[in-house]
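The residues making up each chain are set out below.
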Amino acid sequence: MKNKNWLSVAVVVGILLLWQGVAMIINAHYILPSPIQIVKKIWELKENLFLVQMPATLKVTVIGLAISIVLGLGLAVWMDECPALEKALYPVIVATQTIPTTAIAPLFVLWFGYSIWSKVLVTVLMTFFPIAITVFDGFKSTKREMEELLTTYGASKRDLFWKLKLPTALPSFFSAIKMAIPLSVIGAAIAEWLGAQEGLGYFSKRMMTQLDGAGVFAPIVILSAIAMLTVFIITKIEEKWITWRKD
Amino acid sequence: MLEFQNVTFQYAEDDYQMMKDLSFQVEEGAFVSIIGASGCGKSTIFRLINGLEQPQSGQIFYDGKPISSLSHFSAYMPQKDLLFPWRTVGQNLALPLEIGRVPKAEQQQKVRAMLKEVGLSDYENRYPKELSGGMRQRAAFARTLLTGSRLLLLDEPFSALDSLTKIALQQWLLQEWEKYRQTVLFVTHDVEEAIFLSDRVLVVYDRPITHLEAYPIPLPHPRNREDLKRPDMQELKEKLIKELGGGSL
Ligand SMILES: Nc1ncnc2c1ncn2[C@@H]1O[C@H](COP(=O)(O)OP(=O)(O)OP(=O)(O)O)[C@@H](O)[C@H]1O
Ligand SMILES: [Mg+2]
């Protein structure tokens with residue numbers, strides 16, 4: 001385990017060095033800023049980036065993710081309870097996954113203006129369905145024999161849900177969250193890129209118009225860092241909680 | 001007493017009948033084994049008793065009442081141990097009690113007593129993956145007992161175990177039964193196991209099942225593995241193996 005960690009650190013360092021080298025050779029910061037230039041830029045703009053833009057984006061992300069989790073779980077439970085609904089909705093949901101969000105996001109700006117809700121909607125759209133489907137598949141992976149065993153104990157539908165289906169789907173729930181976090185960050189950033197007055201995505205776009213390469217990259221680096229850190233934390237929580245999984 | 005009366009059953013997915021006009025009885029407090037070839041319908045008999053399947057015709061009675069009017073009269077231990085991996089051993093044992101809405105304090109007390117009974121007291125807070133096959137089987141058996149039912153339906157509980165563990169658990173099961181005298185229906189396809197454990201062996205020969213051939217086992221209790229060496233038991237064993245199609249290819 002320790003060894004693997006070192007290996008991945010080495011790979012990251014290698015890539016950064018390569019990037020730095022190539023950037024220095026090209027020597028055109030508006031096309032490819034070097035990692036050092038980006039870090040410098042983040043430091044220069046730290047107050048604006050961390051105190052103004054990042055909170056705005058986080059707000060969208062958190063609200064969007066929360067809505068997606070509630071709706072996604074709700075839909076998963078509902079489809080599991082009601083096979084007719086599953087038949088009707090499941091294919092539709094899978095199909096909606098092929099819609100390029102970037103293409104319809106401007107529509108939301110049209111509808112909701114520059115308010116936070118146009119951005120939240122994009123985030124929800126990107127994360128809701130993956131959550132619903134992953135958790136639903138988790139419910140479906142419930143072992144029939146276990147269900148039957150509980151039934152012979154006299155279990156009600158409620159018992160079956162709380163004592164069997166929910167614990168069975170718990171790992172799927174974690175997978176869903178881990179998948180949804182980066183998506184929600186991307187969703188928020190895209191929405192801000194398309195139309196907003198604050199946020200990391202908006203900031204990145206503004207820097208673009210000024211041909212400030214490092215300024216374009218700086219917010220993106222922060223976005224990635226947020227996503228990675230959050231996924232890391234969730235993974236740790238998962239490891240603490242789901243100790244029973246077979247090795 | 002458990003009684004099948006002219007039970008006919010067929011799985012909806014199948015195009016053949018599983019059993020037809022099947023009648024048999026199991027007396028209160030008896031240890032009865034059912035043996036038969038793989039896929040002959042032994043587990044199906046259990047599914048009919050515990051209500052997971054309904055017969056197309058005929059009826060099943062327990063203590064003289066049709067089972068459709070009863071609940072919780074049988075305790076089913078399925079072929080796989082089916083311990084819930086996310087629950088500790090103690091929490092697994094508590095499952096039938098939780099579902100029976102037994103108060104928490106009483107649950108705990110019953111679980112502790114049962115863990116002691118099956119020799120797993122030290123494993124209350126361990127997860128099933130930390131147990132050996134034999135321990136898992138004992139835990140599953142303990143969970144079955146905690147349903148509180150007097151009719152135990154044990155579906156090949158030992159078939160996945162190595163032979164030494166299996167022998168140890170057979171002896172252990174007999175001791176438990178000699179102490180509590182529940183009615184036990186025990187499915188196995190191990191002829192020797194059936195003879196060693198039961199008062200009576202029921203053999204499935206035909207498909208659809210129309211009758212169960214009964215062989216009484218006149219061995220005294222408490223039992224001893226040495227008893228299996230008696231000439232009449234050896235003879236019975238050979239006879240059953242031959243009739244079940246063993247020994248020929
Ligand atoms: N839920 C089910 N739906 C449809 N067919 C089933 C079902 N369960 C079992 N069967 C079929 O019924 C037959 C008998 O199955 P059953 O499980 O009762 O056999 P068994 O005697 O317990 O076999 P084994 O010794 O392998 O456990 C099998 O051919 C099986 O394919
Ligand atoms: Mg079976």
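Residues numbered from 1 in each chain as written. Chains lettered and ligands numbered in written order. Predicted model: local features only at pLDDT ≥ 70, side-chain atom pairs only at ≥ 80, totals over all residues. Heavy atoms only, no water.

**Considerations on the overall build of chain B**
Reasoning step 1: Counting secondary structure elements, chain B contains 7 helices and 10 strands.
Reasoning step 2: Rg of the C-alpha trace for chain B: 18 Å, near the compact-globule value of 18 Å for 249 residues, within the 12% margin.
Reasoning step 3: Taking contacts inside chain B between residues at least 6 apart in sequence as the whole, the part at least 24 apart equals 69%.
Reasoning step 4: Entry remark: accessible area of chain B is about 11,300 Å², with carbon and sulfur atoms responsible for 50%. (Helix = DSSP H or I, 4+ residues; strand = E, 2+ residues; numbered from the N terminus. Rg over C-alpha atoms; globule rule 2.2 N^0.38 Å. Contact = heavy atoms within 4.5 Å. Areas by Shrake-Rupley, 256 points an atom, 1.4 Å probe, with all protein chains shown as cover.)

**Observations regarding the domain arrangement of chain B**
Residues and elements named next belong to chain B.
Reasoning step 1: Splitting chain B by domain gives domain 1 (2–73 + 150–244) and domain 2 (84–148).
Reasoning step 2: Computed over C-alpha atoms, the centres of domain 1 and domain 2 are 25 Å apart.
Reasoning step 3: Taken together, the contacts link 14 residues of domain 1 with 9 residues of domain 2.
Reasoning step 4: A buried area of about 960 Å², summed over both sides, lies between domain 1 and domain 2, and 67% of it is on carbon and sulfur atoms.
Reasoning step 5: On inspection of domain 1 and its partner domain 2, the count reaches 1 salt bridge.
Reasoning step 6: Its salt-bridge partner being Lys-179, residue Glu-117 comes within 2.9 Å of it at the nearest N-O pair.
Reasoning step 7: The tally of links from domain 1 across to domain 2 stands at 3 residue pairs in polar contact (both at pLDDT 80 or more).
Reasoning step 8: Among the elements of the structure, strand S7 (151–155) and helix H5 (163–180) are those that each provide at least two residues to the side of domain 1 that touches domain 2.
Reasoning step 9: Tallying contributions element by element places H5 first for the side of domain 1 that touches domain 2, with 7 residues. (Domains from an automatic or database assignment. Buried area = accessible area lost by both parts, 1.4 Å probe. Salt bridge = Lys/Arg side-chain N within 4 Å of Asp/Glu carboxyl O. Polar contact = N/O pair within 3.5 Å; in protein donor to acceptor, adjacent residues only side chain to side chain.)

**A word on the site of ligand 1**
Reasoning step 1: In the region of ligand 1, 18 residues are neighbours, and Ser-38, Gly-39, Lys-42, Ser-43 and Thr-44 of chain B sit closest.
Reasoning step 2: More than one chain lines the surroundings of ligand 1; the residues nearby belong to chains A and B.
Reasoning step 3: In the model, a nitrogen atom of ligand 1 is placed 3.3 Å from a nitrogen or oxygen of the Tyr-11 of chain B side chain.
Reasoning step 4: Across the complex, the protein chains shield 74% of the 630 Å² of accessible surface that ligand 1 would expose by itself.
Reasoning step 5: Residue composition of the shell around ligand 1, by class: 5 nonpolar, 7 polar and 6 charged. (Near = heavy atom within 4 Å. Nonpolar A, V, L, I, M, F, W, Y, C, P; charged D, E, K, R; others polar.)

**Considering unusual backbone geometry**
Most peptide bonds take the trans configuration, and most residues that are not glycine carry a negative phi.
All names here are of chain B.
Reasoning step 1: Here the amide bond leading from Arg-207 into Pro-208 is cis, since omega sits at -10°, within 30 degrees of zero.
Reasoning step 2: If you trace the backbone, Pro-208 turns up in the loop between strand S9 (200–204) and strand S10 (212–216).
Reasoning step 3: Its identity as a non-glycine residue notwithstanding, Asn-6 has a phi of 50°, on the positive side.
Reasoning step 4: Summarising the element assignment, Asn-6 is placed in strand S1 (residues 2–9).
Reasoning step 5: In this model, Leu-82 sits at a positive phi of 50°, which is unusual for a non-glycine residue.
Reasoning step 6: Relative to the elements of secondary structure, Leu-82 occurs in the loop between strand S6 (74–77) and helix H2 (89–99).

**Remarks on the packing of aromatic side chains**
In this description, an aromatic ring pair is defined by two values, namely the gap between the centres and the angle between the planes.
Reasoning step 1: Taken as a whole and assessed by the stated rule, the structure comprises 17 aromatic pairs over all chains.
Reasoning step 2: Measuring from ring centre to ring centre gives 5.3 Å for Phe-161 of chain A and Trp-162 of chain A, while their planes differ by 85°; the resulting arrangement is edge-to-face.
Reasoning step 3: Taking 6.1 Å as the distance between ring centres and 70° as the angle between the ring planes, the aromatic pair formed by Phe-173 of chain A and Phe-174 of chain A counts as edge-to-face.
Reasoning step 4: Ring pairs connect the aromatic residues Phe-31, Phe-158, Trp-177 and Phe-186 of chain B, which therefore count as one cluster.
Reasoning step 5: We note Lys-46 of chain A situated over the ring of Trp-43 of chain A; from NZ or CZ to the ring centre the distance is 4.1 Å.
Reasoning step 6: The residue whose ring lies beneath Arg-181 of chain B is Trp-177 of chain B, and the NZ or CZ to ring-centre distance is 4.3 Å. (Phe/Tyr/Trp six-rings, centres within 6.5 Å; stacked < 30°, edge-to-face > 60°. Lys NZ or Arg CZ within 6 Å of the ring centre and 35° of its normal.)

**A short note on the domain arrangement of chain A**
Residues and elements named next belong to chain A.
Reasoning step 1: Here chain A is partitioned into domain 1 (1–32) and domain 2 (33–241).
Reasoning step 2: Of note, the centres of domain 1 and domain 2, computed from C-alpha atoms alone, are 28 Å apart.
Reasoning step 3: Contacts between the two partners involve 8 residues from domain 1 and, on the opposite side, 10 residues from domain 2.
Reasoning step 4: Together, the buried faces of domain 1 and domain 2 total about 730 Å²; carbon and sulfur atoms form 66% of this surface.
Reasoning step 5: The largest share of the area that domain 1 buries against domain 2 comes from Trp-19, Gln-20 and His-29, three residues that together contribute 64% of it.

**Structural notes on the coordination of the magnesium ion (ligand 2)**
All names here are of chain B.
Reasoning step 1: The protein atoms that coordinate the magnesium ion (ligand 2) are Ser-43 (OG) and Gln-79 (OE1), at distances of 1.9 to 2.6 Å. Highlighted residues: Ser-43 in helix H1 (residues 42–49) and Gln-79 in the loop between S6 and H2, separated in sequence by 36 residues.
Reasoning step 2: You can call Ser-43 partly exposed: its relative accessible area is 22%. (Donors = N, O, S within 2.8 Å, 3.2 Å for Na, K, Ca; no water. Buried < 20%, exposed > 50% of the residue type's maximum accessible area, 1.4 Å probe, protein only.)

**Digging into a nonpolar patch on the surface**
Residues and elements named next belong to chain A.
Reasoning step 1: Where nonpolar side chains cluster on the molecular surface, the patch consists of Leu-107, Leu-110, Trp-111, Phe-112 and Trp-117 and spans about 590 Å² of accessible area.
Reasoning step 2: The greatest single-element share of the nonpolar patch, amounting to 4 residues, is contributed by helix H5 (residues 101–112).
Reasoning step 3: We classify Leu-110 as exposed; its relative accessible area is 68%. (Patch = residues over 30% accessible without salt bridge, like charges linked within 9 Å, V, L, I, M, F, W, Y side chains within 5 Å.)

**Observations regarding the sheet that holds strand S4 (residues 57–62) of chain B**
Residue and element names in this part refer to chain B.
Reasoning step 1: One open sheet accounts for 4 strands, arranged S2-S1-S4-S5; its pairing is antiparallel. Lying at the two open borders of the sheet, with one neighbouring strand each, are strand S2 (19–26) and strand S5 (65–66).
Reasoning step 2: Relative to S2, S1 runs antiparallel, the two sharing 5 bridges. For Glu-3, the partnering residue across the bridge sits in S2 and is Gln-25. (Pairing = 2+ DSSP bridges.)

**Here's the deal with the pattern of salt bridges**
Reasoning step 1: Following the criterion strictly, the structure yields 26 salt bridges over all chains and no others.
Reasoning step 2: Its salt-bridge partner being Arg-200 of chain B, residue Glu-27 of chain B comes within 3.0 Å of it at the nearest N-O pair. Here Glu-27 of chain B is found in the loop between S2 and strand S3 (31–35), whereas its partner Arg-200 of chain B is found in strand S9, with 173 residues between them in sequence.
Reasoning step 3: Note on Glu-27 of chain B: relative accessible area 36%, which makes it partly exposed.
Reasoning step 4: A relative accessible area of 17% means that Arg-200 of chain B is categorised as buried.
Reasoning step 5: One salt bridge connects Lys-229 of chain B with Glu-226 of chain B, and the closest N-O pair in it is separated by 3.4 Å.
Reasoning step 6: Several salt bridges share partner residues, and in doing so they unite Arg-144 and Glu-148 of chain A together with Arg-47 and Glu-53 of chain B into one network.

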